[in-house]
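Listed below, chain by chain, are the residues.
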There are 4 protein chains.
Amino acid sequence: MASKSFYAIISGAGSGTVETNATAGRAAAVRFAKAYPVVLLARKPESYNAIVDEIKQAGGQAFGITADATDEAAVNAAFETIKKELPGSKLAAAIYNVNAGFSRKPFLELKREELDVSLDAAPKGFFTFAQKTLPLLLESVSDSPHPPSLIITGATASIKGSALFGGFAAGKFALRALGQSLAREFGPKGVHVAHAIIDGGIDTPWGKAYVANDGAEDGKISPDAIADAYWYLHTQHRSAFSQEIDIRPYVEKF
Amino acid sequence: MASKSFYAIISGAGSGTVETNATAGRAAAVRFAKAYPVVLLARKPESYNAIVDEIKQAGGQAFGITADATDEAAVNAAFETIKKELPGSKLAAAIYNVNAGFSRKPFLELKREELDVSLDAAPKGFFTFAQKTLPLLLESVSDSPHPPSLIITGATASIKGSALFGGFAAGKFALRALGQSLAREFGPKGVHVAHAIIDGGIDTPWGKAYVANDGAEDGKISPDAIADAYWYLHTQHRSAFSQEIDIRPYVEKF
Amino acid sequence: MASKSFYAIISGAGSGTVETNATAGRAAAVRFAKAYPVVLLARKPESYNAIVDEIKQAGGQAFGITADATDEAAVNAAFETIKKELPGSKLAAAIYNVNAGFSRKPFLELKREELDVSLDAAPKGFFTFAQKTLPLLLESVSDSPHPPSLIITGATASIKGSALFGGFAAGKFALRALGQSLAREFGPKGVHVAHAIIDGGIDTPWGKAYVANDGAEDGKISPDAIADAYWYLHTQHRSAFSQEIDIRPYVEKF
Amino acid sequence: MASKSFYAIISGAGSGTVETNATAGRAAAVRFAKAYPVVLLARKPESYNAIVDEIKQAGGQAFGITADATDEAAVNAAFETIKKELPGSKLAAAIYNVNAGFSRKPFLELKREELDVSLDAAPKGFFTFAQKTLPLLLESVSDSPHPPSLIITGATASIKGSALFGGFAAGKFALRALGQSLAREFGPKGVHVAHAIIDGGIDTPWGKAYVANDGAEDGKISPDAIADAYWYLHTQHRSAFSQEIDIRPYVEKF
């Protein structure tokens, strides 16, 4: 039975789209909805409508808000909406799962706009999201069922700047920097800031044709397993916070 | 209800001793005993007797074997004993939690024997433990309830060679190297090798007088929280293995 | 005797300003001017005029161009100017030494504009600089006296997101990501991309009042020593490129 | 002209042997002999005889001592010999370049003796070498021409535990741990402890048949370039010590 006095918010959830992260966002929404009402932020209603229905049918509570994570005004408006929709409810968990403008190409062919997309979606979008959610998470420290959590989706490119992935890695490195800094600033105040390095392809409905790890069974990461990891991170005792975990298929080279 | 056909083994468990890790070993034993019969390896019966009783009283199954993790013959004999005590049972999880000869002192005062203690307890002891357990874990891949797991207890000194901690760090770095290598070799075969960086003081019954993090509440790591982390690692889906997680109190500087 | 057919360019040089990096930029300019004509990019003529004079008095060749590293059009114009000023000369070394908007403050007081300054000066400014210089460096591979080099000034915040330094670290992490990626893409083509982690305060004329490392002698990094490091990196044999070095005072805690 | 009042010592030099590191040791000996008398420690006279001759013919001063770096008594005797051979001379630089028992094989085929070889040659041998040389280096802080230096040869396996390289990596990780710890303890006392990650095959006279990087020109690391790096590290100003550098061919994947 979900507690109505605390809710979770997920930025970057979706289904049926080309966004890999979004699939993990959907799974996280479903997982956290077992405990909390869930708010979904996405750029288009198509991204969250099916998830909201799925959660409601399972007896949970959820609603979506259309907002571009990189648009400060839109994010501000979203939190006004939440205040009205969930009056008196406090924030228990915030997940930043926005795609960071993945593009693989020779550096000299990379457009500055492509770097901008990566920086907008990763450090800038997260900056806005964190500035809105951290004050709310701090308010929940005294009475939330688990330590209030801010969880960030990273990637292989968060720790390695591979050839041809410079633009993508720039955003992901910057996102990780912010996450580390916030963990060090807000951990002692009781908020758990964690970063997950998703080191492998995610198993998405629309990406079945994409073969990873030579087509090995379970060679792509189950979105549900990512959701389990996020739920585990959220429920960690405050004497034992993880700041960073890596997640990869058993067959992945690393 | 514990499955009788799979068991877990923990090297380096104890209670009421001066060994910090051992407290985490006890908690892990209790946690894994909810699912499996548990075998405890320790140098002295005093280290495991109380844990065995505790597990039995809680309805679990456990027994201890006296063996020094760094003594190859003793470890071999221990596994012969297990075969007799748990006929037909297969290994689901192995935890290497042996203390690595912690000593803090100026390098020029460090004795070669102190370095040896660290290397014996960390890479050498683990080497023997891994060579005995990995073949058994491989045999369990096809039918164990969760991916067979080899979990290693690391420390801050696994990733940072601080001043005055060279001997301790040498062993812990080497242990981490072996863990990484085994994760890469045995992951694709279905065995999950994970390394946990315990980055902070553990809250032990005998160490209440030791003040960490200015005496902050929950400023020392709960052994139960470490056990939860190990159980979480053990139950991860094989498409989403974590190789390394860090664990520290919310107030810890890092 | 400086070779006239190859030149070096330094973005972010200065003296007498409040910019710490700039002091290292000045030293690098003086050092590289022993071998090459040097072009100085800075936002204001005041930043490079004295350095140009100093180099000329020492018998070297140098000139400055006023350009904001984060302004794409201005950087483009600068390279047009170079073509006219040094006709037929090829690029041997490019140093990106631009300050990245250092600010230390609680995250909830940080303005989005402060994050922008960091991202503009670090990944974005470098992106533009690298896109202009890499094609020129590639042209020099066959005949430059040393492997053509692109050298990046990093900081402690390039590898650690400390509390209160999130915005600064975001830019510096992103800059490092780009550097790694370019090293992997352009190394095999013969261009040496190297990143220097300047882990400590730099000894500047204007910062004598700032005490580092309890006022220890040589407790702040000599700009000349940074210049030596950059020159060493530039002259490394292509069979032995360093991608990253750290530089810190002997008394620095790390 | 070599200063006679300071000398350098290199443990693990050789030529014409199957030891890759030794080739770098030879080059380092030749490089440091331009400035200092050089003492060569090796297990067999055949390893150093040719180098001693080469240095003498070039006008330098050198002699070899037969000692197994892992044999404490032999190392002690070696330093007694040095005292007699170079009376009044002080130690300026010590290089630990001993091979660490490289073996590539499945973990379950690895013998405990092979792990021992790696641990003996890396952390244990270095421990003895460092305990003998650090007191001598401390004595040189006040008047040596460059900051007294202890330089360690690492490898890819110092930072990555690859599959099948666990035993080798265990030793190399442990060696790096000790190096870090000593850098932090002895840096503030004026001794420069540096660790070089040699990330690639070294170009040896006897290994010409071994093809690295698809046979690319300069695809194997020049031993002379390693020697240059060590000399550069030795001559760094104490306000700008590097603790770690990586060295790899321009064509190396990393």
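Here the residue numbers are simple positions, counted from 1 along each chain's written sequence. Think of it this way: whatever chain is written first is A, whatever ligand is written first is 1, and the rest follow in order. Side-chain atom pairs in this predicted model are given and counted only at pLDDT of 80 or more, local residue features only at pLDDT of at least 70, and totals for whole chains, interfaces and linings cover all residues. As a rule here, side-chain values cover all heavy atoms of the structure and leave hydrogens and water aside.

1. Things to note about the overall build of chain A
Comment: elements are numbered from the N terminus, with helices defined as DSSP H or I runs of at least four residues and strands as E runs of at least two. Counting its secondary structure elements, chain A contains six helices and seven strands. Accessible area is worked out with a 1.4 Å probe on protein chains only. A residue is then buried under 20% of its type maximum, exposed over 50%, and partly exposed in between. Every one of the 254 residues in chain A was classed for burial, and the buried ones make up 63%. Look at the contacts in chain A between residues 6 or more apart in sequence, and 75% of them connect residues 24 or more apart. Split by element, the accessible area of chain A, about 9,100 Å² in all, is 51% carbon and sulfur. Residues scored as positive are Lys and Arg, those scored as negative are Asp and Glu, and His as well as the terminal groups of each chain are ignored. Charge placement uses NZ in Lys and CZ in Arg. For Asp and Glu, CG and CD serve respectively. Charged side chains in chain A number 26 positive and 27 negative. The centres of these two groups are separated by 3 Å. In this description, contact between two residues means that some pair of their heavy atoms is separated by no more than 4.5 Å. Using a 1.4 Å probe, the Shrake-Rupley method yields the accessible areas, and only the shown protein chains count as cover for residues.

2. Thoughts on helix H4 (residues 112-140) of chain A
Residue and element names in this part refer to chain A. Expected helix span is computed as 1.5 Å times (number of residues minus one). Its 29 residues place the ends of H4 40 Å apart at the C-alpha level, agreeing with the 42 Å of an ideal helix rising 1.5 Å per residue. Bend at a given residue is defined as the angle between two axes, one fitted to the seven residues that end at that position and one fitted to the seven that begin there. Taken as a whole, H4 carries its principal kink of about 40° at aspartate 120; the proline proline 123 stands between one and four residues after it. Here H4 lies mainly inside the structure; 21 of its 29 residues are buried.

3. Examining the interface of chain B and chain A
Across the contact, 30 residues belong to chain B and 30 residues belong to chain A. In short, buried area is how much 1.4 Å probe accessible area vanishes from two parts on joining, totalled over both. Contact with chain A buries surface across chain B, with B:Arg238, B:Tyr250 and B:Phe254 losing the most and accounting together for 27% of the total. One side-chain nitrogen of Lys or Arg within 4 Å of one carboxyl oxygen of Asp or Glu is enough to make a salt bridge. Counting across the chain B and chain A interface gives four salt bridges. Of the charged contacts, one joins B:Glu217 and A:Arg238 as a salt bridge, the two residues approaching to 3.4 Å between their closest N and O atoms. Pairs of N or O atoms within 3.5 Å make up the polar contacts considered here, provided that, within protein, one atom can donate a hydrogen while the other can accept it, and that residues adjacent in sequence are counted only when both atoms are side-chain atoms. The interface formed by chain B and chain A holds 18 residue pairs in polar contact (both at pLDDT 80 or more) in total.

4. As for helix H2 (residues 45-57) of chain D
All names here are of chain D. Under the 1.5 Å per step criterion, the end-to-end length of H2 is 18 Å for 13 residues, consistent within 8% with the ideal 18 Å. Considered for burial, the residues of H2 that qualify are Ser47, Tyr48, Ile51, Val52 and Ile55. Considered in projection along H2, the buried side chains sweep an arc of 105° and stay on one side of the axis. In this structure, H2 carries Glu46 and Gln57 as exposed residues pointing more than 90 degrees from its buried face. Following H2 by one or two positions, glycine 59 has its phi on the positive side, about 90°. Directions drawn from the helix axis to the C-beta atoms are what define this arc.

5. Re the confidence of the model for chain A
On average, residues of chain A score 93 in pLDDT, and 94% of them reach the 70 mark or higher. Scored as a whole, the predicted complex attains pTM 0.96, and scored at its interfaces, ipTM 0.95. How sure the predictor is of each residue is captured by pLDDT, a score from 0 to 100.

6. What about the relation of the copies chain C and chain A?
The least-squares superposition of copies is restricted to C-alpha atoms, and to residues with a pLDDT of at least 70 in both copies. Relative to chain A, chain C is turned by 180° and slid 0.0 Å along the rotation axis, the superposed coordinates differing by an RMSD of 0.0 Å. Taken together, the rotation angle and the small translation identify this as a two-fold axis. Both copies contact each other with a shared surface, as 100% of the interface residues of chain C are interface residues in chain A too.

7. Here we look at the packing of helix H5 (residues 166-186) of chain A against helix H5 (residues 166-186) of chain C
Where H5(A) meets H5(C), the closest approach of the two axes is 7 Å, and the angle between their N-to-C directions is 150°. For the element pair H5(A) and H5(C), the recorded crossing hand is right-handed. Contacts between H5(A) and H5(C) involve A:Gly166, A:Gly167, A:Ala169, A:Ala170, A:Phe173, A:Ala174, A:Arg176, A:Ala177, A:Leu178, A:Gln180 and A:Ser181 on the former and, on the latter, C:Gly166, C:Gly167, C:Ala169, C:Ala170, C:Phe173, C:Ala174, C:Arg176, C:Ala177, C:Leu178, C:Gln180 and C:Ser181. Just so you know the grouping, Ala, Val, Leu, Ile, Met, Phe, Trp, Tyr, Cys and Pro go in nonpolar, Asp, Glu, Lys and Arg go in charged, and all remaining residues, Gly too, go in polar. Residue classes in the contact of H5(A) with H5(C) are distributed as twelve nonpolar, eight polar and two charged. With axes taken as lines fitted to C-alpha atoms, and helix axes fitted only over the stretch in contact, angles between N-to-C directions fall between 0 and 180 degrees. In a left-handed crossing the near helix is turned counterclockwise from the far helix by less than a right angle, and in a right-handed crossing that turn is clockwise.

8. Points about the interface of chain C and chain A
Tallying the contact residues gives 42 residues for chain C and 42 residues for chain A. Here chain C meets chain A over a buried area of about 3,500 Å², counting both sides, of which 67% is carbon and sulfur. Viewed at the interface, chain A and chain C are joined by two salt bridges. A salt bridge links A:Lys124 to C:Asp116, with the shortest nitrogen-to-oxygen separation between them at 3.1 Å. Linking chain C to chain A there are 20 residue pairs in polar contact (both at pLDDT 80 or more). Contributions of two or more residues to the side of chain C that touches chain A are made by helix H4 (112-140) and H5 of chain C. Looking at the side of chain C that touches chain A, the element that brings in the most residues is H5(C), giving 15 residues.

9. Overview of the pattern of salt bridges
According to the stated counting rule, one finds 52 salt bridges over all chains in the structure shown. Among the salt bridges present, the one from B:Arg248 reaches B:Asp199, with a minimum N-O distance of 2.6 Å. Of this pair, B:Arg248 sits in the segment after strand S7 (244-247) while B:Asp199 sits in the loop between strand S6 (192-198) and helix H6 (223-235), and the two are 49 residues apart along the sequence. According to the relative accessible area criterion, B:Asp199 is buried, its value standing at 7%. Here D:Lys124 and D:Asp120 are joined by a salt bridge, their closest N and O atoms 3.9 Å apart.

10. Side note on the packing of aromatic side chains
In this scheme Phe, Tyr and Trp rings, the latter by its six-membered ring, pair at centre separations within 6.5 Å, and the angle between planes marks the pair as stacked below 30 degrees, edge-to-face above 60, and tilted otherwise. On inspection of all chains with the given rule, the structure shows 22 aromatic pairs over all chains. Here B:Tyr96 and B:Phe126 contribute two aromatic rings whose centre-to-centre distance is 5.4 Å and whose plane-to-plane angle is 65°, an arrangement assigned as edge-to-face. Of the two residues, B:Tyr96 sits in strand S4 (residues 90-96) while B:Phe126 sits in helix H4 (residues 112-140), which places them 30 residues apart along the sequence. B:Phe126 sits in the buried class, given a relative accessible area of 0%. Within the aromatic cluster, the residues linked to one another by ring pairs are A:Phe32, A:Tyr36 and A:Trp231. Here the basic side chain of B:Lys189 rests over the ring of B:Phe186, its NZ or CZ set 5.2 Å away from the ring centre. Any Lys NZ or Arg CZ found within 6 Å of a ring centre and within 35 degrees of that ring's normal is scored as a charge over the ring.

11. Focus: the environment of A:Leu164
Among the structural elements, A:Leu164 can be located in the loop between strand S5 (149-155) and H5. Setting aside chain neighbours within four positions, we find A:Leu164 in contact with A:Ser103, A:Arg104, A:Lys105, A:Pro106, C:Ser181 and C:Glu185.

12. Describing the pairing of strand S5 (residues 149-155) of chain C
Residues and elements named next belong to chain C. Burial runs high along S5: seven of the seven residues are buried. The side-chain alternation of S5 yields two buried faces, one formed by Ser149, Ile151, Thr153 and Ala155 and the other by Leu150, Ile152 and Gly154. Paired strands, as defined in this entry, are two strands with at least two bridges between them according to DSSP. Relative to S5, strand S4 (residues 90-96) is paired through four bridges, and the arrangement is parallel. Bridging across to S5, alanine 94 finds its partner in leucine 150. Sheet topology note: the S5/strand S6 (residues 192-198) ladder contains seven bridges and is parallel. Opposite glycine 154, over in S6, you have isoleucine 197 as the bridge partner.

13. Brief notes about the packing of helix H3 (residues 72-85) of chain B against H4(B)
Residues and elements named next belong to chain B. At a closest axis distance of 9 Å, the pairing of H3 and H4 adopts a crossing angle of 25°. When the interaxial angle is binned, H3 and H4 end up roughly parallel. The interaxial crossing formed by H3 with H4 has right-handed handedness. Residue-level contacts link Glu72, Val75, Asn76 and Phe79 of H3 to Thr128, Lys132, Thr133 and Leu136 of H4. Of the residues belonging to the contact of H3 with H4, the class tally is three nonpolar, three polar and two charged. Reported orientations rely on four angle classes, namely roughly parallel under 35 degrees, roughly antiparallel over 145, roughly perpendicular from 65 to 115, and oblique for the rest.

14. Observations regarding the side chain of A:Asp246
Among the secondary structure elements, A:Asp246 is positioned in strand S7 (residues 244-247). Here B:Gln243 takes part through its backbone nitrogen, which lies 2.8 Å from a polar atom of the side chain of A:Asp246. Within the local environment of A:Asp246, its side chain forms a polar contact with the backbone nitrogen of B:Glu244, the two atoms lying 3.1 Å apart. When residues no more than four places from it in sequence are discounted, the contact partners of A:Asp246 are A:Ile197, B:Phe241, B:Ser242, B:Gln243 and B:Glu244.

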